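One letter stands for each residue in the lines below.
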Amino acid sequence: MAAAIEKTARMKNMLQFLKLIGQLKRVPRTGWVYRKVKEPESVSDHMYRMAMMSLTITDPTVDKDRCIKLALVHDMAECIVGDIAPADNISKAEKHRREEEAMKHLSSLVPEGLRQEIYGLWEEYESQSSAEARLVKQFDLLEMILQAHEYEELEGKPGRLQEFFDSTDGRFHHPDVLQLLSSLNEERGKHRISADKTENSGKSQAAAEQPQTSSHTS
């Protein structure tokens with residue numbers, strides 16, 4: 001009887017945990033909101049593609065499974081505290097305190113072994129204490145600028161979100177990440193050239209359609 005009651009309590013806690021992390025699907029990424037991006041991605045969207053980046057990594061020296069777990073956990077606290085951006089003027093120490101408190105609550109809802117794993121993964125990412133954590137941090141930044149590029153394409157405004165690219169200068173080091181970055185920059189450059197040609201063509205067409213005035217006087 002006691003075991004059945006305990007199991008019921010565990011399942012109730014697990015359900016609460018799953019409902020809380022489900023909120024990540026409804027937490028928009030603050031940077032895009034501040035830049036007035038239409039229908040900005042959620043935190044959950046961001047973490048999913050980071051997890052897929054981790055899945056596709058080819059480096060045999062890193063633990064791919066651990067990278068996937070780090071990607072899935074690193075922003076988990078935002079289901080409670082929201083996505084705190086630099087523009088919110090909240091200190092790094094205060095941001096960490098809020099997220100730490102949220103992670104303690106979230107991890108308290110799952111069984112002990114899983115509790116230690118989830119909280120440990122979050123701490124590992126926060127402290128950047130492993131090669132996997134440092135690689136996933138680069139995925140975090142790469143996913144951000146890939147999304148910025150996609151928004152520029154959707155809006156037809158190349159360069160509008162340049163500040164996000166500028167913020168990552170010098171922060172990529174892993175060979176696989178650098179190759180992806182090179183491909184992204186190449187595609188972005190082509191997109192900008194194409195947009196410039198379209199704009200110039202439009203200007204030329206508009207000029208050609210303007211009525212011509214005579215240079216002769218009567």
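Let me begin by describing the structure that accompanies this report. (Residues numbered from 1 in each chain as written. Predicted model: local features only at pLDDT ≥ 70, side-chain atom pairs only at ≥ 80, totals over all residues. Heavy atoms only, no water.)

### Concerning the nonpolar core
In this structure, Trp-32, Met-103 and Ile-145 are the most contacted members of the largest nonpolar core, which totals 48 residues. When residues of this core are traced back to their parent elements, those giving at least two are helix H1 (2-22), helix H3 (43-55), helix H4 (64-73), helix H6 (92-107), helix H7 (112-127), helix H8 (131-155), helix H9 (162-166) and helix H10 (175-209). Of the residues forming this core, the biggest block, ten residues, is contributed by H8. The residues touching Trp-32, leaving out its near neighbours within four places in the chain, are Val-37, Pro-40, Glu-41, Met-144, Gln-147, Ala-148, Tyr-151, Leu-161 and Phe-164. (Core = buried A, V, L, I, M, F, W, Y, C linked by side-chain atoms within 4.5 Å. Buried < 20%, exposed > 50% of the residue type's maximum accessible area, 1.4 Å probe, protein only. Helix = DSSP H or I, 4+ residues; strand = E, 2+ residues; numbered from the N terminus. Contact = heavy atoms within 4.5 Å.)

### So, H8
An ideal rise of 1.5 Å per residue puts 36 Å on 25 residues; H8 measures up with 36 Å between its terminal C-alpha atoms. Gly-156 lies just past H8 and shows a positive phi near 65°. (Expected span 1.5 Å × (residues − 1).)

### What to know about a nonpolar patch on the surface
On the surface, Tyr-48, Met-52 and Leu-55 cluster together into a nonpolar patch covering about 300 Å² of accessible area. Its place among the elements puts Leu-55 in helix H3. Of the residues examined, Leu-55 reaches a relative accessible area of 42% and is grouped as partly exposed. (Patch = residues over 30% accessible without salt bridge, like charges linked within 9 Å, V, L, I, M, F, W, Y side chains within 5 Å. Areas by Shrake-Rupley, 256 points an atom, 1.4 Å probe, with all protein chains shown as cover. Salt bridge = Lys/Arg side-chain N within 4 Å of Asp/Glu carboxyl O.)

### So, the environment of His-74
You can see His-74 is positioned in the loop between H4 and helix H5 (78-81). Of the residues examined, His-74 reaches a relative accessible area of 3% and is grouped as buried. Distance from His-74 to Asp-140, taken between C-alpha atoms, is 9.4 Å for residues 66 residues apart in sequence. For His-74, the residues in contact, after removing those within four places along its chain, are His-46, Met-47, Met-50, Trp-122, Tyr-125 and Asp-140. A polar atom in the side chain of His-74 sits 2.8 Å from the backbone oxygen of Ala-71. (Polar contact = N/O pair within 3.5 Å; in protein donor to acceptor, adjacent residues only side chain to side chain.)

So, to be careful, I would describe these as geometric facts and stop short of saying anything about function.
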